[in-house]
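Here's the letter readout for the chains.
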Amino acid sequence: MFKKAQNILSFRSIDLANFSLFDLLLKVVAVFLILLPVLIFIILFINSLPAISKLGFSVFTTNNWDPVSDKFGVIAPLFVTIIVGVVSTVLGLMISTPIALFLSFYSRGKISSFFSTVIDALASIPSVVLGLWAIFYVAPHIGAIETVIKALFGFIPFLNGNPSPFGLLTTILILTLMLVPIQTVLIKELITLVPRNLLEAGFSLGTTKYEIVTNLILPFIGQGIVAVVFLSLARGMEETMATAMLIGNRPLFPDSIFSPTATLTSIIANEFSEAFSKTYLSVLFELGLILFALVFVTNVCAKLILRMLYRRFR
Amino acid sequence: MRVLTDRLFQAFTMVVALSVSIILAFILFQLIKDGIGSINLNFFVETARPVGSNSGGFKQAIVGSLIIDSIAMIIIISLSVLGGLFLHVYPETLLSKILKESMSLLQGTPTIVCGICVYYMVVRSMGHFSGFAGSIALALVGIPYMVLASEQIFKMTPSLLVEAAYSLGLSKTRVIFYVILRFAKFPLLAISLLTLARIAGETAPLLFTAFGNSFLELNPGRPMAAMPLQIFIYAISPYDEWHRLAWAGALVLIIFVTVLSIILGRYRRLGE
C-alpha cells in the first residue's frame, strides 16, 4: 500500500513538474512573440540614430537625394508613397465595391463561388509575379494610354507630362489590382454586418435591390469603408516588389503622374545593397522607420474604427 | 423606371466583376503562354548559366526555396502553435491581449522592414548573407498569421470533449496534448500549408538576407537562391533568355501557390 501511495505521489509530482514546465514554455514563447515587433522597432531606431544625429530634421526640409554628397531628402519618396497608396486605394474601392455588391446581392450558387475563387486567386498571386507581368504586358502599353490622358486632360497640371513606361501611373494601376481582392473580401464582410431584418423589411416594402444598396447598405457600411480605406492604404504603402519593379526608381519629386519616381520601399529595395557610406545605410534604416511608423498609424486607425463598429453591431 | 435602374446597376456590377476576371485570365494566359515553352527537363536539373549558352535552369532556386521555406516553416509552426495555445489557454489575460495586439502589429509590418532588421541581426553578426537569415525573415512574416489562425482553430475544439477530459482528472498539459492538439491536427496542417503558400511568394524579406546565388548551394549557412528572388533578378535583367526563365519560374511558383490556396480556401480567412 505504501508503495502504491508513493507511486501515485511520484506520478503526481512528475505530472506537476511536467505541467509547470510546459506552462512555462508557453509563457516564454508568448513573451518572445510579444517582443518581436518591439525588437524590430528598436533595431530600426538604433540603426537610424547616426542619420538622425547627423542630418537631424534636414531630411524633412531638403528635397534632394544625392548620396555622394550626403544629401538625403525624404519628402519626395514620402509624398509619392502616400500618393500611390491613396490613389490606388480610391481606384480599388471603385472596383471592389461593385464586386462585393455583386457577390452578396446579385449572384448566388455557382456564379458567386466562381467569382469568389477568382478573387482568391487574384489575392494569392505573389507580387513579384504581378510585377513581372506588368513589366512585359502593361508597361509597353502605358505610353499609349498616357498620351490619350494627356490629350484629353492635359490642362490639369498634374496630368501633363512626358509619357513613360515606368512611373507613377503604372505602379498605381498594378497596386489597384493587388488591393481589389483585399478590399472586396473586407467589404463583403461588412455587408454581412447589416442586420438581416432591416434588409427583409426593406424588401417587403417592395424596393429594388439598387434602392436597398444606395439607401440602406452604403450608409450603413460607410464607417466600415473608412476602416477598409485605412487597411488597404497600409497595404498599398508597404508593397515592395511590384513597386520597386515598376516605379522607375528616380528619387525625385514627380513632375506629373506619368513620371518615374521612387517610394520609401522601392528606395530601400533598390539601394540597400549599394549603400556605400555609414550615413547612407543609416538613412535607409530611417526610411524603414518612417515607413513602419506610417503603416503603424494607418493600421491603428483602421483597428479603432473596426472595433467601434463591431461593438455597436454585435 | 425603378426596375430599369436596378437592372442597369446589376449589369454594371456584373461587368466590373467580369472585367476583373478577364484581367486575371489574361495574367494566367500570358504566364502559361510565356512560361510553358521554357519548362522542360533542363529547367529542373540545371543551375543558372551565363547569358548566351541558351540553356540553364532554376535548379538552385527550387532547391534553395525548398530549404529556406522548410526551415522557416519549422520556426513558424513551433513558435505559432505554442503562441496559439497560450492565447487559447489564457484567454482574456493581459498578456494574451498584448500578444494579440503585437501579432497584428507584426502582421502590418512592411515585409522589407522585416528583411532589413534580420539583415542587421543575423547577416551582420554572421558576416555574410545566408539562407538561414532568409528563413528567419520569412518566419517573421508568417508567424502572425499562423498564431492568430491557430488560436481560432483551437477555439473550435468542442467544449464537451475538453470538459469530459478534465472531468476524468487529466492535467491541463494532457488535455492540451490528448484532446486539443489531436482534434486540431488537420486544420493545423491546412493553415501551415496556407502559411507556406503565403511565404513562398515573398521576395522582399529575402533580398538582403538570402541574397541569391547562381550555383547550387545546400548549406543554409551560405547565400542561397530562392524562386521569387531569382524571378525578380531575371525579370529586371535586359536579356530575353533570362526573361523566358523568369516566366517559367513564375508559372511554377504560381501553380504551387494558387493551387494550395484554392484547395484550402475554406481555411483562408483565418488569421486575417
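Residues numbered from 1 in each chain as written. Chains lettered and ligands numbered in written order. Predicted model: local features only at pLDDT ≥ 70, side-chain atom pairs only at ≥ 80, totals over all residues. Heavy atoms only, no water.

A separate point is the overall build of chain A. Check the secondary structure of chain A and you find 11 helices and two strands. The secondary structure elements of chain A, listed N-terminal to C-terminal, are α-α-β-β-α-α-α-α-α-α-α-α-α. Its C-alpha atoms give chain A a radius of gyration of 26 Å, more than 25% over the compact-globule value 20 Å for 314 residues. In terms of overall dimensions, chain A has C-alpha extents of about 100 × 70 × 35 Å along its principal axes. A total of 314 residues make up chain A; the buried ones form 50% of that total. In chain A, 73% of the contacts between residues at least 6 apart in sequence involve partners at least 24 apart. Total accessible area on chain A stands at roughly 14,500 Å², and carbon and sulfur atoms take up 70% of it. Treating the 20 positive side-chain charges of chain A as one cloud and the 15 negative ones as another, the clouds have centres 13 Å apart. (Helix = DSSP H or I, 4+ residues; strand = E, 2+ residues; numbered from the N terminus. Rg over C-alpha atoms; globule rule 2.2 N^0.38 Å. Buried < 20%, exposed > 50% of the residue type's maximum accessible area, 1.4 Å probe, protein only. Contact = heavy atoms within 4.5 Å. Areas by Shrake-Rupley, 256 points an atom, 1.4 Å probe, with all protein chains shown as cover. Lys, Arg positive; Asp, Glu negative; His and termini not counted. Charge placed at Lys NZ, Arg CZ, Asp CG, Glu CD.)

On to the overall build of chain B. Secondary structure assignment for chain B yields 11 helices and zero strands. Along its sequence from the N terminus, chain B presents helices and strands in the succession α-α-α-α-α-α-α-α-α-α-α. Expressed as a percentage of the 272 residues in chain B, the buried residues total 56%. Within chain B, counting contacts between residues at least 6 apart in sequence, those at least 24 apart form 74% of the total. Accessible area for chain B stands at about 11,900 Å²; split by element, carbon and sulfur atoms hold 69% of it. On chain B, the mean spot of the 19 positive side-chain charges and the mean spot of the 13 negative ones are 7 Å from each other.

Residue and element names in this part refer to chain B. We note that the domain assignment places domain 1 (2-36) and domain 2 (42-267) within chain B. Here the C-alpha centroids of domain 1 and domain 2 sit 32 Å apart. With seven residues of domain 1 in contact, the opposing surface of domain 2 contributes six residues. Here domain 1 meets domain 2 over a buried area of about 530 Å², counting both sides, of which 83% is carbon and sulfur. Contact with domain 2 buries surface across domain 1, with L31, D34 and G35 losing the most and accounting together for 77% of the total. Inspection of the region where domain 1 meets domain 2 yields zero residue pairs in polar contact (both at pLDDT 80 or more). In terms of residue class, the side of domain 1 that touches domain 2 is made up of four nonpolar, two polar and one charged. (Domains from an automatic or database assignment. Buried area = accessible area lost by both parts, 1.4 Å probe. Polar contact = N/O pair within 3.5 Å; in protein donor to acceptor, adjacent residues only side chain to side chain. Nonpolar A, V, L, I, M, F, W, Y, C, P; charged D, E, K, R; others polar.)

A grouping of V31, L35, V38, F41, I42, F45, I46, L49 and I52 of chain A is seen on the molecular surface, where their side chains present a nonpolar patch of about 720 Å² in accessible area. With respect to the secondary-structure elements, V31 of chain A resides in helix 1 (residues 2-55). (Patch = residues over 30% accessible without salt bridge, like charges linked within 9 Å, V, L, I, M, F, W, Y side chains within 5 Å. Salt bridge = Lys/Arg side-chain N within 4 Å of Asp/Glu carboxyl O.)

The interface is formed by 76 residues belonging to chain A together with 83 residues belonging to chain B. Between chain A and chain B the total buried area reaches about 7,100 Å² when both faces are included, carbon and sulfur atoms providing 79% of it. Where chain A meets chain B, there are two salt bridges. The residue E211 of chain A makes a salt bridge to R2 of chain B at a minimum N-O spacing of 2.8 Å. At the boundary of chain A and chain B, one finds nine residue pairs in polar contact (both at pLDDT 80 or more). Among the elements that take part in the side of chain A that touches chain B, helix 1 of chain A stands out by supplying 23 residues, more than any other. Residues of the side of chain A that touches chain B, tallied by class, amount to 54 nonpolar, 12 polar and 10 charged.

We now examine the packing of helix 4 (residues 109-124) of chain A against helix 6 (residues 168-193) of chain A. All names here are of chain A. Interaxial distance between helix 4 and helix 6 falls to 8 Å at its minimum, and their mutual angle equals 130°. The angle between helix 4 and helix 6 places the two elements in the oblique class. The two elements helix 4 and helix 6 meet at a crossing, and its hand is left-handed. When helix 4 is examined against helix 6, the residues S116, I119, L122 and A123 are found in contact with a partner set consisting of L177, P181, T184, V185 and K188. Residue composition of the contact of helix 4 with helix 6, grouped by class: six nonpolar, two polar and one charged. (Axes fitted to C-alpha atoms, helices over the stretch in contact; angles between N-to-C directions. Parallel < 35°, antiparallel > 145°, perpendicular 65-115°, else oblique. Left-handed = near helix turned anticlockwise from the far one by under 90°.)

One finds L33, I40, L44, W65, I217 and F272 of chain A together with I112 of chain B to be the most contacted residues of the largest nonpolar core, which totals 179 residues. Two domains each provide a minimum of three residues to this core, namely domain 1 (2-36) and domain 2 (42-267) of chain B. (Core = buried A, V, L, I, M, F, W, Y, C linked by side-chain atoms within 4.5 Å.)

The next thing to look at is the packing of aromatic side chains. Considering all chains together, one arrives at 26 aromatic pairs over all chains under this definition. Seen from their ring centres, F272 of chain A and Y119 of chain B are 4.9 Å apart, and the 85° between their planes marks the pair as edge-to-face. Of this pair, F272 of chain A sits in the loop between helix 10 (264-271) and helix 11 (278-313) while Y119 of chain B sits in helix 5 (residues 111-126), on two different chains. Measuring from ring centre to ring centre gives 4.1 Å for F129 of chain B and F211 of chain B, while their planes differ by 10°; the resulting arrangement is stacked. One end of the pair, F129 of chain B, is in the loop between helix 5 and helix 6 (131-155); the other, F211 of chain B, is in the loop between helix 9 (185-200) and helix 10 (227-235), with 82 residues separating them in the sequence. Feature note: the residues F272 and F285 of chain A together with Y119, F129, F208 and F211 of chain B constitute an aromatic cluster, connected by ring pairs. We note K172 of chain B situated over the ring of Y90 of chain B; from NZ or CZ to the ring centre the distance is 5.1 Å. (Phe/Tyr/Trp six-rings, centres within 6.5 Å; stacked < 30°, edge-to-face > 60°. Lys NZ or Arg CZ within 6 Å of the ring centre and 35° of its normal.)

This part covers the side chain of S282 of chain A. Position of S282 of chain A among the secondary structure elements: in helix 11. When neighbours within four sequence positions are excluded, S282 of chain A is seen to be in contact with N47, S48, L49, P50 and A51 of chain A.

Residue and element names in this part refer to chain B. Contact geometry of helix 3 (residues 59-89) with helix 6 gives a least axis separation of 6 Å together with a crossing angle of 35°. The crossing of helix 3 and helix 6 is right-handed. Residue composition of the contact of helix 3 with helix 6, grouped by class: 18 nonpolar, nine polar and three charged.

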